[in-house]
Every structure is written in structure tokens, then in C-alpha cells.
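Structural description and commentary
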Amino acid sequence: MFLLCTICALMVFFPDTAYASSEMVQFVNFIQKFNKSYESAEEFQYRLSVFSNNLQQAKRLQREELGTAEYGVTKFSDLTAEEFRRYGIYSNGVLDLPNIKEATTAATFPKSRDWRTKGVISKVKDQKQCRSCWAFAVVGNIEAQWGIQGCPKNLSVQQVIDCGPCDDGCKGGYPWDAYITVLMQGGLVNESEYQYQAIRSTCRRDLHPAAWIYDFQMLPKNEENMASYVGNNGTLTVTINSVMLQHYKNGIIHTLHRNCDPDYVDHVVLIVGYVKGRTMAVGSQSEMSWRNGGTTMFNATHWKQKKEGKCLPYWIMKNSYGSDWGEKGYFRIFRGKNVCGITKYPLAATVLFHKGKHTSCPT
């Protein structure tokens with residue numbers, strides 16, 4: 001009743017019929033779909049204003065989209081850009097990384113890989129309002145690596161948040177912090193034994209680990225090496241710029257550099273696969289004709305294939321925003337152009353069937 005009264009009252013203050021009938025209706029539908037609630041009419045009006053601004057931002061991103069991604073209303077559409085950034089980690093151009101072993105990769109790898117089809121990827125989870133993406137991605141990587149060796153796991157993210165000596169729990173961390181925590185704890189217990197609370201609590205040390213790692217390693221920072229690893233070995237944690245994700249609905253993200261700075265990375269996700277696709281050379285007849293609308297029969301076909309994602313190379317990414325976001329909790333991003341900084345910190349666990357070695361925090 002309060003909501004209906006508030007809507008009626010606000011419509012009085014918005015004489016613009018299009019605004020009242022379009023954006024107001026979208027906002028009410030958004031509230032109902034995502035079960036949102038606001039404490040006062042003032043907050044409702046403020047969030048409506050934020051929602052309206054986000055709709056305009058999504059429309060701008062759509063106009064400038066180079067891939068197949070669609071942008072619009074998501075569960076984050078009533079948040080400012082600053083508020084949305086609080087779901088990620090603190091971005092810092094210069095980080096004091098620990099001494100991480102560099103992985104080697106094979107020269108050949110499959111044209112495509114999707115580890116979800118092998119039954120080794122656990123269900124999508126929701127980090128909620130805890131800056132724990134770094135923990136979710138690393139735990140997902142360890143789960144998958146165990147699954148690839150024949151032992152699927154569903155491990156505790158909360159244990160990483162509670163027991164990490166190098167991170168700030170729900171205030172943020174980095175993927176290497178999570179790997180170091182797993183090494184120092186001697187492994188992770190099952191999710192059922194140490195469930196997610198979205199808040200940092202006292203570390204529990206009375207449980208027996210269900211999985212562990214031997215070490216972790218950094219991939220060479222280029223997408224061919226990353227694809228070789230994912231194709232032949234398993235999943236990867238990567239740190240990206242999250243700015244496009246606030247408005248992302250589906251499709252393959254490929255945007256202008258200015259929209260997603262690759263040097264500003266603030267969100268950790270898990271690569272679970274890729275498709276090789278076919279990249280159009282910049283300035284080629286196909287690429288130029290596509291940008292000009294694809295007027296010939298050949299280019300009209302190419303446009304249809306592009307919009308369906310058939311000729312674009314992309315990564316398949318598992319996120320930690322819940323299954324009510326994106327493509328059932330996943331998203332896709334163009335592969336080959338370091339979109340949103342995906343090559344900056346590609347990391348993976350080394351899983352062997354004996355307990356991990358002791359390590360310490362980086363200095």
C-alpha cells in the first residue's frame with residue numbers, strides 16, 4: 001500500500017507523461033522483480049532518479065557496443081556507479097604481489113572448451129553485499145581443478161573470508177590472498193560444513209579439509225596462453241574492470257576502451273571456458289561493412305552471425321552475483337583484445353593429491 005501511494009504521489013510531481021508512463025512503470029516492475037523496498041518516499045524518489053540515469057547509461061553502452069551484449073535493467077539498476085563498485089575489490093594500479101610461479105602452456109589447444117559440460121563447475125552463488133568476489137573465484141577454481149581430476153567439490157568460501165591473514169574479509173582482498181589462505185589452512189572444508197554468511201567471523205579450525213592445493217601459479221599475460229591453459233588444464237581466476245557488469249543482461253561484451261579501462265581492475269571472476277570464433281580484422285571489408293550496416297547479402301549474413309555470436313571469439317565467465325543476474329549467473333566477454341583488463345592477473349591453483357606446503361603473506 002505504501003508503495004502504491006508513493007507511486008501515485010510521485011506521478012503528481014512528474015507531469016512528463018512519457019516519464020511517468022515509461023520509466024516509472026519500468027521502475028515499479030524492477031522493484032517487484034527484485035523484491036526491492038525503500039524506507040521513505042524520499043529514498044524512493046532518489047532511487048527512481050538513479051534508476052533513470054542508469055537507463056540512459058545502458059542505452060549509451062548499447063549504442064557503442066561492438067559485440068553482441070545487451071544492456072538494460074538488472075538487479076543493480078537502483079545503485080550509483082560508486083555503490084556498485086562496492087561489490088568489487090579495491091583497485092590499485094601498483095600492487096605488491098607475492099612471488100608467484102609462472103605457468104607454462106602447450107602450443108596447441110582445442111577450438112573451444114566449456115568446463116560446465118564436464119560437471120566440474122559448482123552452481124552459481126551470490127556474494128551479496130560482501131566484497132568477496134576474490135574468494136568465490138578462487139574457491140571455484142579449486143573446486144573445478146579437483147573435479148577435473150575426478151573429485152567434484154563444493155567448498156567453503158566463508159572459510160577463506162574468516163581465516164585469511166592477508167586480506168580484509170568482506171572489505172576486500174585479492175586472489176593471491178585466497179590461495180595463500182588455503183595453503184596456510186591446509187585446505188578447505190565442504191560448503192555444507194562452513195556455510196556462507198556474507199560477513200567476516202571468527203575462523204573455525206576444528207574441521208577436516210575436503211580439498212587442498214599444492215601451489216598456485218600466474219599465467220603469461222596474453223590470451224593465447226590463457227586459452228591454452230583453459231583448454232588443456234582447467235579454469236582460471238582473472239581480475240577485470242566491472243563497470244560493464246552493472247548494466248549487463250546477456251551476450252558477448254566488447255566495448256570501446258574508454259568505457260572499460262583495462263588498467264583499472266576491481267572484480268575477480270572465473271573463466272570456465274572459451275570459444276575461438278573468428279575475429280574481423282580492423283579496417284577489413286567485412287569489418288567496415290559491418291560498421292556501415294552490412295548492406296550486401298554477404299555482410300547481412302555476417303551481421304546475423306555476429307549478433308548470434310557465431311563469429312566472435314569469447315570467454316565464458318562465472319560470476320558471483322547470483323543466478324538472477326546475466327546469463328544465469330554467467331557472462332561472456334570478447335577474447336583477443338584484453339577487454340576490461342582480463343589479462344592482468346590470470347591465476348590458477350596447482351592441485352595434487354597430497355597436502356599443500358606452508359607459505360606466508362607477501363610483504
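Summary of the structure given here.

Cut-off values and rules
- Residues numbered from 1 in each chain as written.
- Predicted model: local features only at pLDDT ≥ 70, side-chain atom pairs only at ≥ 80, totals over all residues.
- Heavy atoms only, no water.
- Helix = DSSP H or I, 4+ residues; strand = E, 2+ residues; numbered from the N terminus.
- Expected span 1.5 Å × (residues − 1).
- Buried < 20%, exposed > 50% of the residue type's maximum accessible area, 1.4 Å probe, protein only.
- Core = buried A, V, L, I, M, F, W, Y, C linked by side-chain atoms within 4.5 Å.
- Contact = heavy atoms within 4.5 Å.
- Axes fitted to C-alpha atoms, helices over the stretch in contact; angles between N-to-C directions.
- Parallel < 35°, antiparallel > 145°, perpendicular 65-115°, else oblique.
- Left-handed = near helix turned anticlockwise from the far one by under 90°.
- Nonpolar A, V, L, I, M, F, W, Y, C, P; charged D, E, K, R; others polar.
- Phe/Tyr/Trp six-rings, centres within 6.5 Å; stacked < 30°, edge-to-face > 60°.
- Salt bridge = Lys/Arg side-chain N within 4 Å of Asp/Glu carboxyl O.
- Polar contact = N/O pair within 3.5 Å; in protein donor to acceptor, adjacent residues only side chain to side chain.

1. Overview of helix H5 (residues 133–148)
- The end-to-end C-alpha distance of H5 is 22 Å, a good match for the 22 Å that 16 residues give at a rise of 1.5 Å each.
- Most of H5 is tucked away, with 15 of its 16 residues classed as buried.
- Downstream of H5 by one or two residues, Gly150 has phi in the positive range, about 100 degrees.

2. Section: the nonpolar core
- Counting 48 residues, the largest nonpolar core has Ile253, Ile271, Trp315, Met317, Phe331, Ile333 and Ile342 as its most contacted members.
- At 5 residues, the largest contribution of residues to this core is made by strand E8 (residues 267–275).
- Those residues in contact with Ile271 that lie beyond four places of it in its chain are Met226, Val230, Thr235, Leu236, Val238, Trp315, Ile316, Met317 and Ile342.

3. Points about the packing of H5 against helix H7 (residues 175–185)
- For the pair H5 and H7, the least separation of the axes is 8 Å and the interaxial angle reads 55 degrees. Here H7 runs oblique to H5, going by the angle between their axes. The element H5 and its partner H7 pack so that their crossing is right-handed. Residues Trp134, Ala135, Val138, Asn141 and Ile142 of H5 form the contact with H7, whose own contacting residues are Pro175, Asp177, Ala178, Tyr179 and Val182.
- Residues belonging to the contact of H5 with H7 are distributed by class as follows: 8 nonpolar, 1 polar and 1 charged.

4. Some points on the packing of aromatic side chains
- According to the stated counting rule, one finds 24 aromatic pairs in the structure shown.
- Ring centres 5.3 Å apart and planes at 40 degrees place the aromatic pair Phe30 and Phe51 in the tilted group. Within this pair, whereas Phe30 is found in helix H2 (residues 17–33), its partner Phe51 is found in helix H3 (residues 41–63), the two being separated by 21 residues in sequence.
- A relative accessible area of 0% means that Phe51 is categorised as buried.
- Ring centres of Phe76 and Tyr321 lie 5.0 Å apart, and the angle between their planes is 70 degrees; this geometry places the pair in the edge-to-face category.

5. Considering the pattern of salt bridges
- Considering all chains together, one arrives at 13 salt bridges under this definition.
- Between Lys36 and Asp78 there is a salt bridge whose closest N-O contact spans 3.3 Å. Residue Lys36 is found in the loop between H2 and H3, and its partner Asp78 is found in the loop between strand E1 (70–71) and helix H4 (81–85); the two are separated by 42 residues along the sequence.
- Residue Lys36 is classed as partly exposed on the basis of its relative accessible area, which comes to 24%.
- Two residues, Lys75 and Asp126, come together in a salt bridge whose shortest N-O distance is 3.5 Å. Here the residue Lys75 occupies a position in the loop between E1 and H4, and Asp126 occupies one in the loop between strand E3 (112–114) and H5, the gap between them amounting to 51 residues.
- A relative accessible area of 12% places Lys75 in the buried class.
- Linked through salt bridges whose partners overlap, the residues forming this network are Arg60, Glu64 and Arg258.

6. Comments concerning the side chain of His267
- As for its position among the elements, His267 is in strand E8.
- A relative accessible area of 0% places His267 in the buried class.
- In terms of polar contacts, His267 uses its side chain to reach the side chain of Tyr321, at 3.5 Å.

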